[in-house]
Amino acid sequence: QVQLVESGGGLVQAGGSLRLSCVVSGLTFSVSTMAWLRQAPGKEREFVAGISWSGGSTTYADSVKGRFTISRDNAKNTVYLQMNSLKPEDTAVYYCATLPGSLAVTPDRWHYDYWGQGTQVTVSS
């Protein structure tokens, strides 16, 4: 049974930082491409950042480049999202997700097969 469990969300003022974590079980994490996606109220779920199985390749949405950093620790089956210089428009539920096999990161949310339950991030102005 595959499980992805996110944590680290919360309420923060604009300009602040948060670090999200996602612990994965039930699959071979070390060969899994991972990503973070988010969904704001009334909007579609959108890609935020992705990382290859080795951690050697990362991809970011233009809206978060230079502010967010995705990383992973394969020994801990965990993927992280460090979020700095947060803006009110970053407010959303953040989800971690996996791609089947070791596919390259894609911004297309329909390719992701397993998802966590999400963690709420709220940025106040």
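What comes next concerns the included structure. Bear in mind that the values here come from a model prediction, so they are computed numbers and not experimental data.

A separate point is the packing of aromatic side chains. Per the counting criterion, the structure on display carries two aromatic pairs. Residues Y95 and W115 carry aromatic rings whose centres are separated by 6.2 Å and whose planes lie at 80° to one another, so their mutual orientation is edge-to-face. Note that Y95 is positioned in strand β9 (residues 92-98) and W115 in strand β10 (residues 114-115), a separation of 20 residues in sequence. For W115, a relative accessible area of 26% corresponds to the partly exposed category. Centroid distance Y112 to W115: 6.2 Å. Interplanar angle 65°. Geometry classified as edge-to-face. Relative accessible area serves as the criterion here: at 5%, Y112 is assigned to the buried category. What links up through ring pairs into an aromatic cluster is the set Y95, Y112 and W115. The cationic tip of R45 hangs over the ring face of W115; the distance from NZ or CZ to the ring centre is 4.8 Å. Lying over the aromatic face of F29, R72 brings its terminal NZ or CZ to 4.4 Å of the ring centre.

A few words now on the environment of I70. One can find I70 in strand β7 (residues 68-73). Judged by relative accessible area, I70 falls into the buried class, the value being 4%. Note: C-alpha distance between I70 and M83 (13 residues apart in sequence) is 8.8 Å. Not counting chain neighbours up to four residues away, the residues in contact with I70 comprise M34, A35, W36, A49, G50, I51, T58, Y60, V79, Y80 and L81.

Where charged atoms of side chains with opposite charge meet at close range, the side chains can pair. A full pass over the atoms with the stated rule returns five salt bridges. For D90, the salt bridge is made with R38, and the minimal N-O distance between the two is 3.0 Å. Of this pair, D90 sits in the loop between β8 (78-83) and β9 while R38 sits in strand β4 (residues 34-39), and the two are 52 residues apart along the sequence. There is no split in this pair, since D90 and R38 are both buried. One salt bridge in this structure joins K65 and D62, with 3.2 Å as the shortest N-O distance. Since its relative accessible area comes to 65%, D62 is described here as exposed.

Rules used in this analysis
Residues numbered from 1 in each chain as written. Predicted model: local features only at pLDDT ≥ 70, side-chain atom pairs only at ≥ 80, totals over all residues. Heavy atoms only, no water. Phe/Tyr/Trp six-rings, centres within 6.5 Å; stacked < 30°, edge-to-face > 60°. Helix = DSSP H or I, 4+ residues; strand = E, 2+ residues; numbered from the N terminus. Buried < 20%, exposed > 50% of the residue type's maximum accessible area, 1.4 Å probe, protein only. Lys NZ or Arg CZ within 6 Å of the ring centre and 35° of its normal. Contact = heavy atoms within 4.5 Å. Salt bridge = Lys/Arg side-chain N within 4 Å of Asp/Glu carboxyl O.

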